[in-house]
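Coordinates in review
Now for the letters of each chain:
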Amino acid sequence: MVGIPLSGMILRGGEGTKLNLKYKRMFDVSNQQQNPISDMGLWVDGGWVWRFNWRRALFVWEVKLLDELTTSLQNFKPVVSEEDKWVWVVSEGGGFSVASAYKYLQDQGLVEVSKAFEALWKIPAPSNVLAFAWKALLDRIQSRENLRKRNIIAVGQVSLCLLCQEDEESTGHVLFSCKRSWEVWMWCYNWWGIQTALPHDCKGHFEQHVSVGRRSVGIGWLVVWCSCIWAIWLARNQMVFKHAVNVADKERLTEVIKLKSWIWLRGKLKGFSYSFYEWSTNPKVCLEGAG
Ligand SMILES: [Zn+2]
């Protein structure tokens, strides 16, 4: 039980403040700042009793603070038989989700709030795909251009896009404007019966896909958008890390996009129970039916 140091303990049910911050004075005079909680007390008749150790005798006002701290700790019930585990304190159930992480960062003022970002977390796609899309929107994926800018690829080393071998691999290039990716997007628009001119930067591209048609159609289109950037990026990774060939062919990628988007929608969009054949042949009708 309980190998977490006191400095890592967080008061739950209250404001979520860390104990070492809320009771900073007590933490400062503690001899046990890095001790695991299991070393800070003992079991007496099946109950946990705290044993604190201070650098010096406490002042009277500190004793009052200690009383308050001890009262706060009454709700903390260590369990002998249970393994320590990390709990994501941001969400109520303690489980991690990308949406809760985003909301937390947003509340802290750490992320840009825009319609695009808000729309992203509502897309019924796997959380790792949404996390990738989020990084792409922020231009934080490990494209060769970004690696070069961070001096991970030295000047003079290859930062060319592997898909086309013609331009530097930036986020916008590899996912949208590369002639290989462009072909895939054009196929997607054709599949959906859309004619459009699209920006080459990720955020502008995504924003053009937000609020397309009625709600279920819009959601489906965003699922396709995610499956498209995901399929292109996975193919690119296979080329970079496994020296795979022919993985970025339009025929292969478009099959992957149709299949992934169908699986995600079947799993996560209410009322979407169409066959793969129906989805492949008329995606819009399927989504209108689901809405
Ligand atoms: Zn390229």
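The rules behind the values
- One numbering rule holds for all chains: residues counted from 1, following each sequence as written.
- Given that the model is predicted, a residue must reach a pLDDT of at least 70 before its local features are reported, and side-chain atom pairs must reach 80 or more before they are shown or counted; all residues, however, enter totals for whole chains, interfaces and linings.
- To obtain the side-chain values, all non-hydrogen atoms of the structure were included, while hydrogens and water were left out.
- Secondary structure elements follow DSSP: runs of H or I no shorter than four residues count as helices, runs of E no shorter than two count as strands, and numbering proceeds from the N terminus.
- Burial status follows relative accessibility: with a 1.4 Å probe on protein chains alone, a residue under 20% of its type maximum counts as buried, one over 50% as exposed, and anything between as partly exposed.
- What makes two residues a contact is simply this: any of their non-hydrogen atoms within 4.5 Å.
- All accessibility values rest on the Shrake-Rupley procedure with a 1.4 Å probe; residue burial counts only the protein chains present in the view.
- Here the term donor refers to an N, O or S atom within 2.8 Å of the metal (or 3.2 Å for Na, K and Ca), and because water is left out of the atoms, sites may appear incomplete.
- By arc we mean the arc of the directions from the helix axis to the C-beta atoms, nothing more.
- The convention used is that axes are lines fitted to C-alpha atoms, helices contributing only their stretch in contact, and that angles between N-to-C directions extend from 0 to 180 degrees.
- Here is the rule for angles: anything less than 35 degrees is roughly parallel, anything more than 145 is roughly antiparallel, 65 through 115 is roughly perpendicular, and the remaining ranges are oblique.
- Each crossing gets its hand from how the near helix is turned against the far one by less than a right angle, where anticlockwise is left-handed and clockwise is right-handed.
- Across the chain, each position has a pLDDT score giving the predictor's confidence in that residue, from 0 to 100.
- A pair of cysteine sulfur atoms is labelled a disulfide when the two atoms are within 2.5 Å.
- Strand pairing is assigned whenever DSSP detects at least two bridges linking the two strands.
- Here, nonpolar core means buried Ala, Val, Leu, Ile, Met, Phe, Trp, Tyr and Cys residues that are tied together by side-chain atoms lying within 4.5 Å of each other.
- Salt bridge, as applied in this entry: a Lys or Arg side-chain nitrogen positioned within 4 Å of an Asp or Glu carboxyl oxygen.

Of regular secondary structure, the protein possesses 14 helices and two strands. Relative to its 291 residues, the protein shows a buried fraction of 43%. Considering only intrachain contacts with a sequence separation of at least 6, the fraction spanning at least 24 residues in the protein is 53%. Total accessible area computed for the protein in this model is approximately 16300 Å², and 52% of it derives from carbon and sulfur atoms.

On to the coordination of the zinc ion. Looking at the zinc ion, one finds its protein donor set to be Cys161 (SG), Cys164 (SG), His173 (NE2) and Cys178 (SG), positioned 2.1 to 2.4 Å from the metal centre. Donor residues for the zinc ion sit on one chain with the sequence pattern C-x2-C-x8-H-x4-C. Exposure class is identical for cysteine 161 and cysteine 164. Each is buried.

A separate point is helix H14 (residues 283–290). Turning to H14, its buried residues are Pro283, Cys286, Leu287 and Ala290. Each buried residue of H14 lies within a common arc of 95° when the element is viewed along its axis, so the set occupies one face. Contacts made by the buried residues of H14 are with helix H9 (179–192), helix H11 (215–242), helix H12 (250–268) and helix H13 (276–281).

To continue, consider unusual backbone geometry. Phi is positive for histidine 243, which is not a glycine, with a value near 55°. Within the secondary structure layout, histidine 243 lies in the loop between H11 and H12. The exposure class of histidine 243 is exposed, given its relative accessible area of 66%. One non-glycine residue, asparagine 246, lies in the positive phi region at around 65°. Within the fold, asparagine 246 resides in the loop between H11 and H12. The exposure class of asparagine 246 is exposed, given its relative accessible area of 55%.

With that settled, consider the packing of H11 against H14. Interhelical geometry of H11 versus H14 gives an angle of 130° and a closest axis separation of 7 Å. The orientation of H11 with respect to H14, classified from their angle, is oblique. For the pair H11 and H14, the sense of crossing is right-handed. Residue-level inspection shows Ser216, Val217, Gly220 and Trp221 of H11 in contact with H14, the latter providing Lys284, Leu287 and Glu288.

Below, the discussion takes up the confidence of the model for the protein. Of all residues in the protein, 79% attain a pLDDT of 70 or more, and the chain-wide mean is 81. Helix H4 (residues 98–107) is the least confidently modelled element of the protein, averaging 68 in pLDDT, while H13 averages 96, the highest of any element.

With that settled, the discussion passes to the state of the cysteines. Enumeration over the complete set of coordinates arrives at zero disulfides. No disulfide involves cysteine 202; its nearest neighbouring cysteine sulfur is the one of cysteine 226, lying 9.6 Å away. A residue is classified by how much of its surface remains accessible, and cysteine 202, at 5% relative accessible area, is buried.

Here we take up the pairing of strand S1 (residues 41–44). With four bridges joining them, S1 and strand S2 (residues 47–50) adopt antiparallel strand pairing. Within the sheet, the bridge partner assigned to tryptophan 43 lies in S2 and is tryptophan 48. In sequence, S1 turns back onto S2 through a hairpin of two residues, with aspartate 45 there showing a positive phi of about 50°.

Moving on to the nonpolar core. Ranked by size, the top nonpolar core spans 64 residues in total, and within it Leu120, Ile123, Leu175, Phe206, Trp225, Phe272 and Trp279 carry the most contacts. By residue number, the principal contributor to this core is H11, which donates 17 residues. Filtering out sequence-adjacent residues up to four positions away, tryptophan 279 remains in contact with Trp191, Trp192, Val224, Lys258, Ser261, Trp262, Leu265, Phe272, Cys286 and Leu287.

We now examine the pattern of salt bridges. Scanning the entire structure with this criterion turns up ten salt bridges. One salt bridge in this structure joins aspartate 28 and lysine 24, with 3.0 Å as the shortest N-O distance. Pair noted here: aspartate 28 and lysine 24 are both in helix H2 (residues 24–28), with a separation of four residues, about one helical turn. The class for aspartate 28 is partly exposed, based on a relative accessible area of 33%. Between glutamate 207 and lysine 203 there is a salt bridge, and its shortest N-O distance comes to 3.9 Å. Of this pair, glutamate 207 and lysine 203 both sit in helix H10 (residues 202–207), four residues apart, which is roughly one turn of the helix. Taking the relative accessible area as the measure of exposure, glutamate 207 reaches 38% and is therefore partly exposed. Since its relative accessible area comes to 22%, lysine 203 is described here as partly exposed.

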